[in-house]
Amino acid sequence: MCPSSRVLPLLSLLTMLSSHILQTCNGDDSYENISALMNRLLGPTSGYNPNLRPRNYQNDTMVVKIVFSIVSLEEIDDVKQSFATNGFLIMEWKDEKISWNKEDYGGIPYFVPNFNDIWRPQLVLMNTLGERDVFKEEKTPLSVLSSGNIIWMAGGIIKASCGLDMTKYPFDEQSCSMLFCPSCDAAGFLTFEAMDAKFDFTFYVSNEAWDITGSQIKPSRYPSIINKEVVFSCFELIIKVKRRSSYFILNLICPVLMLSFLNNFVFLMPDESGEKIGYGWNCPPTGPMQAQQQSGQVISTKTRKRDS
């Protein structure tokens, strides 16, 4: 689960903690220089339209590179067949309408514009349990580099449906995914590429009930429902988990086995003790009752991350 060396610079940039970028600002990065730069690139007279893909030729394909940084596995609900993750979807693309020479503006390497002033990919979560446009109200700032590269870290708690196979419960392993697709742009105009084939676990907090055994970022393509000739570039965030069975062994399996073993002692009790009938009457039902009580609590309870 070691993070990729290509992912860490993106996280550092978006959190404004990259000393490398700060050290490049040796010139006059004054308010006036930044204001003049933003007015030239995004002001009313700049001609920039955030509703159009920032390509000089609109028939060219916009390539968006993605990586998912998971923070925690929030819950897996066995009853509702759903799961929720907390993480950040990091996206990077080239904006051909925004670039500048750093020396002309006091060595400014990047700036953070208004969220609605920049074009960004519109994504919908296909197997969502709530809003399809999960990033509709996202206000995470975008970072615009002097090269024209834009980095956006959209995140939050993402809830999705997941078909859980409970056949081997409580020793089961599950595989869940989140399928993201663009809301309107077909694959010829917008496509997604994975910067890393696996999740980034730099900030991951372990879950007390599940272990993550694998992850995958899988670009894929799906035809339009209306016109099968139109294909959309999508991507899946796949996570594989294994249930921690020690809790169930100690609280479910061991008590039932112990009570089943104690049932045999009814034949060793002498008749004159007066307790043989009472023992034989009370002990046998205890095992099924214990199993039903524990399984009912476990099955109906959402497994959440450990409070930190």
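See above for the structure.
One structure accompanies this document, and this report is about it. The residue numbering used here restarts from 1 in each chain and proceeds along that chain's sequence as written. Per-residue local features of the predicted model are confined to residues with pLDDT of at least 70, and side-chain atom pairs are confined, for both listing and counting, to 80 or more; whole-chain, interface and lining totals are unaffected and use all residues. Water and hydrogen atoms were dropped before computing side-chain values, which therefore reflect all heavy atoms in the structure.

Observations regarding the overall build of the protein
Secondary structure elements follow DSSP: runs of H or I no shorter than four residues count as helices, runs of E no shorter than two count as strands, and numbering proceeds from the N terminus. Broken down by element type, the protein carries five helices and eleven strands. When burial is assessed residue by residue, the protein has 43% of its 308 residues classed as buried. Pairs at least 24 residues apart make up 74% of the contacts formed inside the protein by residues separated by at least 6 positions. Within the structure as shown, the protein displays about 16,800 Å² of accessible surface, and the carbon and sulfur contribution to it stands at 55%. Using a 1.4 Å probe on the protein chains alone, a residue whose accessible area is under 20% of its type maximum counts as buried, one over 50% counts as exposed, and one in between counts as partly exposed. Note on contacts: a residue pair qualifies if any of its non-hydrogen atoms lie within 4.5 Å across the two residues. The Shrake-Rupley method, run with a 1.4 Å probe, gives the accessible areas here. Residue values count only the displayed protein chains as cover.

Section: helix α3 (residues 31–42)
A rise of 1.5 Å per residue sets the reference length of α3, with its twelve residues, at 16 Å; its end C-alpha atoms lie 16 Å apart and thus fit the reference within 8%. For α3, the complete set of buried residues consists of Asn33, Leu37, Leu41 and Leu42. Mapping the buried residues of α3 onto a view down its axis gives an arc of 125°, with all of them on the same face. What points out from α3, more than 90 degrees from its buried face, is the exposed set Tyr31 and Glu32. Residues of α3 that are buried make contact with β3 (110–111). Helix span, as expected, comes to 1.5 Å for every residue beyond the first. In this context, the arc is that of the directions from the helix axis out to the C-beta atoms.

Let's talk about the state of the cysteines
Whenever a pair of cysteine sulfur atoms sits within 2.5 Å, that pair is classed as a disulfide. Evaluation of the coordinates by the stated rule reveals two disulfides. Between the sulfur atoms of Cys162 and its disulfide mate Cys176 the distance is 1.9 Å. Disulfide Cys162-Cys176: torsion about the S-S bond near -80°, hence left-handed. Pair noted here: Cys162 is in the loop between β6 (149–161) and β7 (173–182) and Cys176 is in strand β7, with a separation of 14 residues, a long-range link.

Concerning the sheet that holds strand β10 (residues 231–243)
Any two strands between which DSSP finds at least two bridges are classified as paired. Read from one edge to the other, the open sheet built from four strands follows the order β4-β7-β10-β9, with strand pairing classed as antiparallel. Each having just a single partner strand, β4 (123–125) and β9 (210–223) make up the two edges of the open sheet. Adjacent strand axes in the sheet meet at a mean angle of 25° when their direction is disregarded. Direction of pairing for β4 relative to β7: antiparallel, over a ladder of three bridges. For every element, the axis is a line fit to its C-alpha atoms; helices are fit only across the contacting stretch, and the angle between N-to-C directions ranges from 0 to 180 degrees.

Re the nonpolar core
Throughout this description, the term nonpolar core refers to a set of buried Ala, Val, Leu, Ile, Met, Phe, Trp, Tyr and Cys residues connected via side-chain atoms within 4.5 Å. The biggest cluster of nonpolar side chains holds 58 residues, and the ones touching the most others in it are Phe68, Met91, Trp93, Trp100, Met178, Phe180 and Ile239. Here the element with the most residues in this core is strand β1 (residues 62–77); it accounts for eight residues.

Some details on the environment of Ser72
As for its position among the elements, Ser72 is in strand β1. Here the alpha-carbon distance between Ser72 and Tyr204, two residues 132 residues apart in the chain, equals 5.5 Å. Within the local environment of Ser72, its side chain forms a polar contact with the side chain of Glu74, the two groups lying 2.8 Å apart. Two N or O atoms form a polar contact when they lie within 3.5 Å of each other; inside protein one atom must be a possible hydrogen donor and the other a possible acceptor, and for residues adjacent in sequence the pair counts only when both atoms belong to side chains.

Some thoughts on the side chain of Arg120
With respect to the element layout, Arg120 can be found in the loop between β3 and β4. At 3.5 Å, the side chain of Arg120 and the backbone oxygen of Phe115 are in polar contact. Excluding anything up to four places from it in sequence, Arg120 contacts Trp93, Phe115 and Trp152.

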